[in-house]
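Architecture at a glance
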Amino acid sequence: MTTTLSLIRPDDWHLHLRDGDALRAVLPHTARQFARAIVMPNLKPPVTTTALALDYRRRILDALPIEGPGADFEPLMTLYLTDRTPPDEMRRACEAGIVALKLYPAGATTNSDAGVTDIRKTYKTLEAMQREGLLLLVHGEVTDAEIDLFDREAVFIDRVLQPLRRDFPGLKIVFEHITTREAAQYVAAGDARLAATITAHHLLFNRNAIFLGGLRPHYYCLPVLKREEHRLALVAAATSGSPKFFLGTDSAPHAAVLKEHAAACAGCYTALSALELYAQAFESAGALDKLESFASFHGADFYGLPRNRGRITLRRQPWTLPESLPFGAQQLKPLCGGETLNWKLESAA
Ligand code: NCD
Ligand code: ZN
């Protein structure tokens, strides 16, 4: 039986780092595992301009350890796309090293009020992005009240993604945190400019987890967990070896009091043990040999960035996750807190 796994240091292609005390609490967890991460721009207020993104990047770098594991972590910055993002901002963004814009349909998820109300309003900006080589990252759910919450991703493909890809064939698009068989099939069948991230929690759990023995808000995220058949389709996609699928945790910390709340916030905190959770999922699928390309190669290749050089080691060593962590003056409950995982991250080199 395999007892150690050595991987090229991976990257997290979808991450929420927040700001201030929350940022300082969670950043070390990501930085000790991952060389880089795509940092989501849904702060309050959202990161809508190059200047705001550069300020945010500076705050992230200032929150890193000065030396030791994680000191060399590189945040990859994104802008929050709105109905009014000026096309000429795209040149500035590109020159400043911003890699992508994030499309949140207005009202789709946490801090998405300033999101896009109609994709056609962004067409001039999308043209500029296509010209500059900036990627478009999409939260792929429609928000219409008449569409069942569990169907919102599949409907998004037909109503938004298909026309978008037809109108912007040169734009690279990442369909973020896919949760359905429809999305996995759509991405697999698409051309080389379409890819998807998959979270660890959507590989490990189906929607039963939200209701097991009582309402379990720590399993509530958006897009919401789906039926078992969808989980199986995601596992098949992630372990297929296809370069169109790669790691993106969507780790989204919220204080425990806001998760254990009458209107619980959406988001699972997985950054503490992200790689170990993915290893668990890949092992269950008998596909540990596919973990490295999913975690360390496909994302970098799609973004056109160099692959990392250092390595990390996972050891088969059962360990129990803490139930709670300090989060500024509050507490943060990691997903699977109190539960035992098979693999433990050993060292970063
Ligand atoms: C994210 C958050 O809390 O910022 N929540 C989530 O459930 N994934 C937002 C998002 O990515 O949808
Ligand atoms: Zn997210």
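To keep things clear, this report deals only with the structure shown in the data block.

1. Section: the overall build of the protein
The helix and strand tally for the protein stands at 11 helices and 13 strands. Against the globule reference of 20 Å for 349 residues, the protein gives a C-alpha radius of gyration of 19 Å, in line with a compact fold. Dimensions along the principal axes, computed over C-alpha positions, put the protein at roughly 50 × 45 × 40 Å. When each of the 349 residues of the protein is scored for burial, the buried share is 58%. Sequence-distant contacts in the protein: of pairs separated by 6 or more residues, those separated by 24 or more amount to 73%. With 39 positive and 40 negative side-chain charges, the protein shows a spacing of 2 Å between the two charge centroids.

2. Examining the side chain of T109
Looking at where T109 falls in the secondary structure, it is placed in the loop between β5 (100–103) and α4 (123–132). If we ignore the near neighbours within four places in the chain, the residues touching T109 are Y104, H139 and L222.

3. Observations regarding the coordination of the zinc ion (ligand 2)
Of the protein atoms, only H14 (NE2), H16 (NE2) and D250 (OD) coordinate the zinc ion (ligand 2), at distances of 2.0 to 2.1 Å. Considering all four donor atoms around the zinc ion (ligand 2), angles at the metal cover 92 to 144° and the coordination shape is irregular. Donor residues for the zinc ion (ligand 2) sit on one chain with the sequence pattern H-x1-H-x233-D.

4. Topic: the packing of helix α6 (residues 181–189) against helix α8 (residues 228–238)
In the contact formed by α6 and α8, the axes pass within 8 Å of each other and the chain directions differ by 30°. Taken together, the axes of α6 and α8 lie roughly parallel to each other. On α8, the residues that touch R181, E182 and A184 of α6 are E229, H230, A233 and A237. Within the contact of α6 with α8, the residues separate by chemical class into three nonpolar, one polar and three charged.

5. Regarding the sheet that holds strand β8 (residues 194–198)
One open sheet accounts for eight strands, arranged β2-β3-β4-β5-β6-β7-β8-β9; its pairing is parallel. Strand pairing shows two members of the sheet lacking a second neighbour, β2 (12–15) and β9 (245–247), which therefore form its edges. Geometrically, the sheet is characterised by an average inter-axis angle of 30° between neighbouring strands, direction not taken into account. Strands in contact with helix α2 (residues 50–62) are β3 (36–39) and β4 (74–80); relative to β4, the strand with the most contacts, it is inclined by about 150°. Lying on the sheet, α6 is in contact with β7 (173–175), β8 and β9; it crosses β8 at an angle near 145°.

So, how was this worked out
Within any chain, residue numbers begin from 1 and follow the written order of that chain's sequence. Lettering of chains starts at A and numbering of ligands starts at 1, both following the order in which they are written. With pLDDT at 70 or above as the cut-off, local features in this predicted model cover only qualifying residues; side-chain atom pairs require 80 or more to be listed or tallied, and sums for whole chains, interfaces and linings still use all residues. Hydrogens are left out, water is left out, and the side-chain values use all remaining heavy atoms of the structure. Secondary structure elements follow DSSP: runs of H or I no shorter than four residues count as helices, runs of E no shorter than two count as strands, and numbering proceeds from the N terminus. Two things to know: the radius of gyration comes from C-alpha atoms, and the globule rule equals 2.2 Å times the number of residues to the power 0.38. Using a 1.4 Å probe on the protein chains alone, a residue whose accessible area is under 20% of its type maximum counts as buried, one over 50% counts as exposed, and one in between counts as partly exposed. Only heavy atoms enter the contact rule, under which two residues are in contact if any of them lie within 4.5 Å. By the counting scheme adopted, Arg and Lys are positive, Glu and Asp are negative, and His together with the chain ends is not counted. Taken as the charge centre is NZ of Lys, CZ of Arg, CG of Asp or CD of Glu, depending on the residue. Each metal's donors are the N, O and S atoms found within 2.8 Å of it, except that Na, K and Ca use a 3.2 Å limit; water is left out, so coordination can look incomplete. All geometry calls rest on donor angles, where a four-donor set with angles between 85 and 135 degrees is tetrahedral, four- and six-donor sets with opposite donors more than 155 degrees apart and all others between 65 and 115 are square planar and octahedral, and all else is irregular. Interaxial angles span 0 to 180 degrees and are taken between N-to-C directions of axes, which are lines fitted to C-alpha atoms, for helices over the stretch in contact. Throughout this description, any angle smaller than 35 degrees is read as roughly parallel, any larger than 145 degrees as roughly antiparallel, any in the 65 to 115 degree range as roughly perpendicular, and the remainder as oblique. Asp, Glu, Lys and Arg are counted as charged, while Ala, Val, Leu, Ile, Met, Phe, Trp, Tyr, Cys and Pro are counted as nonpolar; the rest, among them Gly, fall into the polar class. When DSSP locates at least two bridges between a pair of strands, those strands are taken to pair.

Distances and angles like these do not, on their own, reveal function.
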